[in-house]
Structures are given as structure tokens and as C-alpha cells.
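Structural overview
One letter stands for each residue in the lines below.
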Amino acid sequence: MEEYLDTIKQIIADLHPELDDEDREGLVADGILDSYDIITIITQLADEFDAVITADKITPENFDSARAIAELVDEILND
Amino acid sequence: MLFTSYAFIGFLCVGLIIYRLAPVKARPYILLALSYYFYAHAGVWCVVFIVSTSIVAYIVTVKMDKQAIARKRYLAEMKDVISREEAREYKARDKRSRRRVLIVGLVLTLGLLAVVKYTDFTITNINSLLDLVGSESRIPLAGILMPMGISFYIFSTVGYMVDVYREAVTPTHNPFHTALFISFFPQLVQGPISRYGDIKEDLLNPKPLKADSLKLGAMRVLWGFAKKLIIADRALIAVKAITGDPEKYSGAFVVAGMALYALELYADFTGGIDITIGTAQMFGIGVKENFIRPYFSKSVAEYWRRWHITMGTWFADYVFYPMSSCKLIRNISGALRKSRLPRRAAQRIPVYITSAVVWFATGLWHGASWNFILWGMLNFAVIMISQELEPLYDKFHKKFRFSTNAVPYKAFAATRTIVILSCLRMLDCYGSVGTTFGAFGSIFTGSPAVLFDGSMSALGLTLFDYVILLLGMLTLFAVSMLQRKGSVRTRLLSAPFALRACLLIALFTAILLFGAYGPGYDVGQFIYNRF
Amino acid sequence: MEKKGLALRILTVGCTLLVATLVLACLQRLVTPKYADGNMAEGGLIASYYDSEKSHDVIFLGDCEVYENFSPEVIERETGLKCYIRGSAQQLIWQSYYLLEDTLRYETPKAVVFNVLSMKYNEPQNEAYNRMTLEGMEWSTAKIASINASMTEDESFITYMFPLLRYHDRIRDLNTKDFEYFFSSPELTTDGSYLREGVVPAHNIPIGKPLESYEFGDTAWEYMEKMRLLCEEKGIRLILIKAPATYPYWYDEWNSIVSDYAESHGLSYINFLSRLKASGLSFDTDTYDGGLHLNKTGAEKLSAYFAPILKELVDDETAGIIDKLGGHVESDGAPTEGPESKSDAADEMTESPESTSDKEPGNGSQTDTGAYDGFSFTYKTLNLYPGMKWDETVAAQLGEPISYFEAKSCVFEGIDRMYTYPGFEIDTSPDGTGVEAVTTVYLLDDSVTTPEGAYIGCSKSLVEKLYGDHFGPEENSLSYNKGGAELKFVLKNETVVSICYGLSDE
């Protein structure tokens, strides 16, 4: 899972350079990531890791932190 | 059957009585019979389409489910026998096999929609191409009639099949239940596009009905009738007059038309959905909201999360997200990432491409003609531009210390959104791209004086009508403001009987007296009814 | 305690419903037309019957040709016969029949006089006229049946049960009369007549254009038979009449059909159009609207003439009259009797074929009047087609018409106008928005041709050559549709006798 985490943090940083801590919680709950950001993340994840995230997996919990996203990728790839 | 017709009111009363008197177990079947009766009223031939769609959906979903069940059983049995690799291989094979079944289902259903809805559009375009290359031959139009609601129920069917494929939901093995989900009559007129998972409990496994559901539902239906008859049908008269003669009614009239259409479309569509959801509620079935005070939206993007919500989420879940992670987009994304473009652009472009495709499809779904497609693409353009301008807005707000939560700003943002959308909607009203742009252009050369010189009375509405429209608009606004704190109807139920009685009787009387129905009024079809 | 609560709830809900019903009933009464403000009194005629003393000798049934043309007062004065006219605007034959049924609930007259013009209407016609005939009836099986037979496609029975649904829009037009007559009804007539004063002489009466078929419809015959049988059953003498009026045109063929029917069933039939001289009617002095209806003087004259005839028919079972001759009022107001007017026209037609060369050319370039691409007739570079707006510019371009005729519909302000020009006639009517628009263009003689080259007197094969495949019953008409207009050629013996452009049904 660690291999994904760094890339994910980088993606988030690119989307929101103003963020101090890419590792923080509450990315969705606090309204930092909007739907365009989520789509961008999904596309990047599909591109870089071959991880296809289906609609039912797109929930606030799964995207609330970089760690959560990494866990999601892990789950999808190892299923 | 139109919602606002005596036939529907009669049908509803009789249907409710039968439904409520019937034993709970029999109710889904009764509802199915009622739905087919309702549908057949539009033409018996329509029933053929919806029945064949149900048959396809049933066969496809049950097959996929059986395959999934077989897979799970196999894996459970062979848990200790086969290796992890083999299990994964087996799962992948099963997935591919189920996908093939899904594809057959999609082809048959979406194909049906495509043939019925887009044949003539395709032929017209081919003919234009032939004309362009100087050929004399023309393909005659097929003139296929579109059965009512096909755009809606095909979409819910597709959603159902995909959800079953994704194993997000377990399909029913009862063909009548499948048919009922697809043909549930309140949704056949203008949606919403329901998801099987959301509605299956209420629909197929009904519990004894609560008294409140009847009251709440009836109130909602009444409210929908009021919106439709008092406001929408009245405003439609003027809109039709203005858009029917763009040469005569140019300049300031176009603006008046836009404003009236904004009111008309809102009252018509939300009114129709009120009747849909209210009717379903009277049958004890919860249907998801399709509108949440859309005219309070502060941006076009937000608007599309509040207007025709089920359409938006359908396109998101079944087109947008899947396409975002499809092979082609991934390749584009990868190629862009490795190029010399700045990171932000490389990330955004694939998203915009996907988004453009979705909006193209949305436009196309609204109607089989170029003005709708252009409308879809313009919506996309506006959203994309506001996305790109966001950093600029942020800087602006920081510099001028504007709170985006202040009421004046919110009012400004909402007004701006309504104006932009009204402009885009002109493509809907005027029918052709050329006429729309002409009308739009004329706004800047016309004089506002024409609105006050009495010409507005020549559109088919008198001062009395305009006053009613104004009062109606204010009432809608007031109710929407109240609604922000919670359902108005529920609060009404707990209000004193006298107040409730007075309000409802007043509303009922207002519909009877001020509704724009009867001889002398054109029976306004729901705008989305051509679906 | 629970029972008390339930009882209280039922009481409250019951009271509320009662109050609500009362409010709605009051509103309904308020918006229902009272027909008291002078310009639509015809609507109140049917209801007035119930206030009369129901001991009438003769009941008249029919439309405005009956209630404006006869004076029961004069008839009673001359013969002692008490008459009541159960007439209403554009009363259709089934409505007449059910009014008869309704009348029979109260009394059985000795005779019924029925104006046969309504036999030309086989289908429900007009919602507004339906209201004026039906709403005044008391509720009975006859009323229910009449409503069902009369409803046009967009009407619903429930709007007759609750007129609020029909008249709700009048809430914005309420006047003092609506409050004045909230509880009572205005007295409009004591004997069903509605006679008018004033003199407008008849002139420029258009001749009837040849029809493709002169048959009456099945529904019309159904109710004619029903009426005859009902009268027979009750021992009532049924007297068919055709009242004297210049318009709508009463074709000789129709006249023959009716007189044959009367003869074969032992009924009497009086065609007042063939008795104009005898009755002493003059369409210069006896009409208030150019010949469509008689004025008070004319009605009294006609009634004085009719009274002894009626008395004889009522008293003497063996007496009977069958008028076989047709009759028409000519353009200068002088009456002609008999069918010679038609044969004159036929003679004119056979003279013309050789003069094809000096016809008005109707083809050639025409000024484009916008997006219209259907059939049209051209005259002086102007395109004339059904549906086009009729305004001063069009009228100016056409020049002074040779003659002009107005036919006010029974009650409403909508006027059908007929403008006759050299060789053709244009009929107009107010369209849905009240604007005068062309409904039909008739070619009257062979001095004009259609843009494609057809003319009155040409052969069927020429038409087929010029226009190709046609639709419509072949025997005596050829119809072509284009762009919303229907171009119809009526044939007689394979020759074109009538050409008209009308609005297509599609």
C-alpha cells in the first residue's frame, strides 16, 4: 500500500497546492476535493496503477484521506 | 395519459382504492396491471416496447445473477483446493462471461432506444451530407413514433442491468417484479430515473400502508397540480407566442420569453415530479427527489446537482465514472503525463474529454437534434470555463474580502446562474440553432420599451394573468425558502387542523379557479413528455 | 374517550367538507353565465321552458332559424294554438331529439315542428353551442344522453356536472349581472322566441357551391328516425319545415331527400323557401341581418302565414303537405322558386371550353409569402391560400370585391365573410386568436385557373395529369394535399364543377 500512498499524495498536492498537509483527513468532509478532483484522481489511478474504481466505490469515506484512497486501490487490485 | 387530466384523476382514485383494498402480497401485481393500463392509454402499441424491454432485462439480469451465484459457490467449495492465482483467473473469466451477457442486454435496450429515437436524426444528417457532396439521392425518413417515457425507462433498465453486473444489487427472479420496476407508472411520464436498489423494498415487498403516506402524497400531488395548471400552463401561452414568431418578437421580447420560460419549465417539470412522487407516496412507495431548489444554485455545476438529479447521477455513475477509468482515457492520461505539458493541464484534459462526451450524450438524450447537442456542449463549456476561472475567483474574493456566504453574494450568484441557464435554454425553445442565435443577438439591439407598450397583452395573456404569474412565482419562492428548514408538508401535518384545512382548500380552489385549463387554453404538454 | 375523539374528528372533517362544498358551489354559481347582459341571451332559452305553463299544443324544435323566425304570440292570436319554441343556437338534431324526450316528461303536445337544416350536421360541432343548448336542460336521462351525443373530442362529461370546471376563467370577467342573478334566472322569453328589431336588407347572397355528396350522415338519419318513431308512439304529429333563410344554402338535392322521406313516412314537409311570394316575405324589409334571420316584422308575417296551415295540420289528421320544390333567395333579394337556378349555372359551364386561351393565368412567378409551400391560388401576383391572414394589404392588392357577404354565426361575434372577385370567392373566418384568416378559396367559373392550369369545366383526366395521384373518394371528387391546404375538385360526369382550396384536415 505504501507504493501507492506517495503517488496519491503527489496527485493531491498537484490539485491543491495550497494544502499544507496532503496526508490529512477530511478531504471530502471539509470540501477540499470537489467532483472534478475526484474524477482526476480516479483517472490518474487508473492510468498509473491500472486500478479501475467503479461508481459504487466512490464514497466520501473512501476518498477522505490519501491513506483511505491508497487502501481503496489496494483493495481493488488484490481482490 | 396526461397527469393534469380528468382521466388521470379518475384513474388515480380507482387505482388507489383497488390497491389499498387488495391483500399486501397481491399489491405488486395490481400495480403492474395499473401501470400497463396507464401506459396503454397512450397507445396499445407502446406496451409492446416496454414489455420486450422487461423481458430482455429479466433474462439478462437473471442469467448474470445465476452465473455470479455459481461462481461464489465454486469458490467457496474450492477454497482450499485451488491457488490464489487460479481463483483470480476464475473470477476474471466469470467477469468476462457476465460482461458478454451485459453487452447483449445493453445492445438490445440502448439499441432499441437509438432506433426509435435517433433514426430520423441520423437519416436527416446523412441526407445533409449527401446534399453537401452534390448527390441527388435522399433516404426517406422512417417516421418512427416514440413511445411515451422510453428515454426514462430504458435508462433505468440499463442502470439495473449494470448494477447487477457490478453485483451492487441482487436482481429479482420474478419476471413480474422486473416488469413492475421498469413500468412503474408514475415514472413513465417524466422520470425520475430510479435505481433498483432504492425502490425495490417499497415496490416489491410492500408493507401495510401508513395513513400519513396518503395524506402527504395527496398534498404533494395537489401542489404539483397547482404548479402545473396555474403557473406552467399559463406561462406557456406567452412563451409559445414569443418563440413562435421570432421575427416579430425580437429584442426585449426575447428576454421576456427567457424569463417566462425559466418560470414555466421549473413549474412544469417540478410540478410533474411532485405529482409523480406524491402519487408514488400514496401507493406507499418512496421515489427519490429529482429537484432540490435548483434556482438557488450558485453555479451552473451546482445547478446540475440540483436539477434533474437522477439524470445527472445516472450519467455520472454509468458513463462519466466508468469512462474516466476506461482504457482510452487512461492511455490519453498516460500520454499527457509523459508529455511536456504542465501537470495541471495533463490531469485536467482527460477529465474534460470525458466530461465533453457526457454532455454530448446528455444533450442528445434531451432531443434528437443539433440544437440539443449544442445545448449540452454549451453547458459543458460554461462548467469548464468556471472550473478554469476558479483560481481567479478565489483571488478576487480574497482581495475584496467578499464572504461567499453573505446573502447579497448568494443572491447575485443565483441570479447569474439563472441568467446563464436561461440563455442556454433558448436552444430548447427556439428549436433551431440559427433562430436561437438570431434571437439572442436581437436582445442587444432591441428596446425595452416594447415590454411596456401593451404588446405583452397580445401574447395571449392579460394583466390578470401576469398578476397570477407573479403571485405564483412569489409563492414558489416562499415555499422554497420554507423548505430549506425541512419538509413543508410534514410540518403542515402537525399544524392545527383549521390551518391545514384552510390552506389546502384554498389551494384546491385556486387550482379550479385560476388553472389555465379548459376551452380557450391549449393543453400544455409536459416539456419532458416527448421522452 | 376514544369514541368521543373519533366522533369529534368525523364531525370536524364533515363540517369542513360541507363548508368547502358550499364555497365551491357559490363560486360555481357566480361564474356560470347568466345570459342576462343582452349579447348572448340565446344561452338562456332552453332553461326558460321550465318556467312556462306546460300545456302547449305545438312544440317547435331547432336552431336560430326557428326561435328568431316564428312568433308563438301571433300563432296563438290567429288560431288559438299555444306554441313553445324549444330552440337554441346551432341546435343539432340529436339535441332536438333529446329536448323532445325532455319535453315529454312534462307534457305531450299535439304536434312538433322541426326545422330540418340540422340534418346537415352529422358530428358534434362546437363546444360553446353545446353549452348553450345543454346546460339549460334539467338533469334527466335525456340530458345525459344528449351530452354524450354532443361532446366534442376535448370535452369531458365531468365539466357538465361541475360547470365550475368550464367557466372558472370567468372569475376575472364577473359583472353585476352575475351577482344580481345569483339566486334567480333572468326572464328572457315566455314562449321560446327571441325576436329582433331592425332592418338590414339581404344582398350579395353567395350561391351554394356544388358538393361532392348530398347525402345526410348516418347519425342524422338515426335521430330523424328516432324523432319520427317517438312522435308516432306518442300520437304527436311531426311536421318538418325548412325556415326561410339565405344562408346556410339549402340545396335542392337536400330538399328532395327530405321531401321524399316525408312522403314515404306520412309526414308533412313545408319548405318556406319555396313559399316566399305566398308568405309575402321580402328580404329587403323583413330581415335584420342581411337575410340570415327574419326580424320581428318578418317573423310575425311568417307566423301569420303559417298559422292557418299549422292549425289545419294539427286538427285534421288526413291533411298533409309535401313541398317538393326547392327555393333560394337570389342576390338582389328577390326570391326564386324551383330548381332553375342550378340548371342556369350548368348551361353557362358548357359554353366555355373553347375560351381556354384567354383565361387569367394563375401560374407564373408569385411573390413569396414566407414559408408557405402548399397549394395556393394566384391572382395579381398575390398568393391566396387557406390559413393566410386577411388584412388591409391583401384586400388592397385584390381591389374592390364584386360583392361582399357577412354571415354572422348564430350567436358569437365571429363573422364568416365572403368576398367575391372576378371568377373566385374568398371566405374568411376569425382564427383561433381572433384574427381574420382565409378559410376557403372557391373558383367560381372558368375565367380563372389554378396556378397549375386546372379550371371549372375541365376534364377529370386533365386534373389527374396536372396533379398526379390523388386521395379521397373517387366517384365525384379528387383531393390533393400540400402544405396544409387541400385542393378539392368536385366532379359531375367526369367534369370539374367546383374547385376549392380549403384547410387540410391533417
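These notes cover the structure that comes with them. (Residues numbered from 1 in each chain as written. Chains lettered and ligands numbered in written order. Predicted model: local features only at pLDDT ≥ 70, side-chain atom pairs only at ≥ 80, totals over all residues. Heavy atoms only, no water.)

1. A look at the packing of aromatic side chains
Inspection of the entire model under this criterion finds 75 aromatic pairs over all chains. Centroid distance Phe216(C) to Trp254(C): 5.7 Å. Interplanar angle 40°. Geometry classified as tilted. Highlighted residues: Phe216(C) in the loop between helix H10 (176–180) and helix H11 (218–234) and Trp254(C) in helix H12 (residues 252–264), separated in sequence by 38 residues. Under the relative-accessibility criterion, Phe216(C) is labelled buried at 6%. Given a relative accessible area of 6%, Trp254(C) falls into the buried group. A connected cluster of aromatic rings, assembled from ring pairs, spans Phe3(B), Phe8(B), Phe11(B), Tyr19(B), Tyr37(B), Phe38(B), Phe184(B), Phe185(B) and Phe283(B). (Phe/Tyr/Trp six-rings, centres within 6.5 Å; stacked < 30°, edge-to-face > 60°. Helix = DSSP H or I, 4+ residues; strand = E, 2+ residues; numbered from the N terminus. Buried < 20%, exposed > 50% of the residue type's maximum accessible area, 1.4 Å probe, protein only.)

2. Some details on the interface of chain C and chain B
Accessible area lost when the parts come together is the quantity often used to give the size of an interface. Each partner contributes to the interface: chain C provides 18 residues, whereas chain B provides 18 residues. For the pair chain C and chain B, the summed buried area comes to about 1500 Å², and 72% of that belongs to carbon and sulfur atoms. Per-residue buried area on chain C facing chain B is highest for Leu165(C), His168(C) and Arg172(C); these three make up 37% of the total on that side. Along the contact surface separating chain C from chain B lie one salt bridge. Here Asp465(B) and Arg172(C) are joined by a salt bridge, their closest N and O atoms 2.8 Å apart. Put simply, chain C and chain B have six residue pairs in polar contact (both at pLDDT 80 or more) between them. Those elements that provide at least two residues to the side of chain C that touches chain B are helix H1 (2–31), helix H8 (158–161) and helix H9 (164–167) of chain C. At seven residues, the largest contribution of residues to the side of chain C that touches chain B is made by H1(C). Classifying every residue of the side of chain C that touches chain B by side-chain character gives eight nonpolar, five polar and five charged. (Contact = heavy atoms within 4.5 Å. Buried area = accessible area lost by both parts, 1.4 Å probe. Salt bridge = Lys/Arg side-chain N within 4 Å of Asp/Glu carboxyl O. Polar contact = N/O pair within 3.5 Å; in protein donor to acceptor, adjacent residues only side chain to side chain. Nonpolar A, V, L, I, M, F, W, Y, C, P; charged D, E, K, R; others polar.)

3. Overview of the interface of chain A and chain B
Counting residues at the interface gives 26 residues for chain A and 28 residues for chain B. In total, chain A and chain B occlude about 2300 Å² of area from one another, counting both sides; carbon and sulfur atoms represent 51% of this. Where chain A meets chain B, there are three salt bridges. Inspection of the chain A/chain B interface yields three residue pairs in polar contact (both at pLDDT 80 or more). Taken together, the elements giving at least two residues each to the side of chain A that touches chain B come down to helix H1 (2–15) and helix H2 (35–49) of chain A. Broken down by element, the residue count for the side of chain A that touches chain B peaks at eleven residues, all from H2(A). Its residues assigned to classes, the side of chain A that touches chain B comprises eleven nonpolar, seven polar and eight charged.

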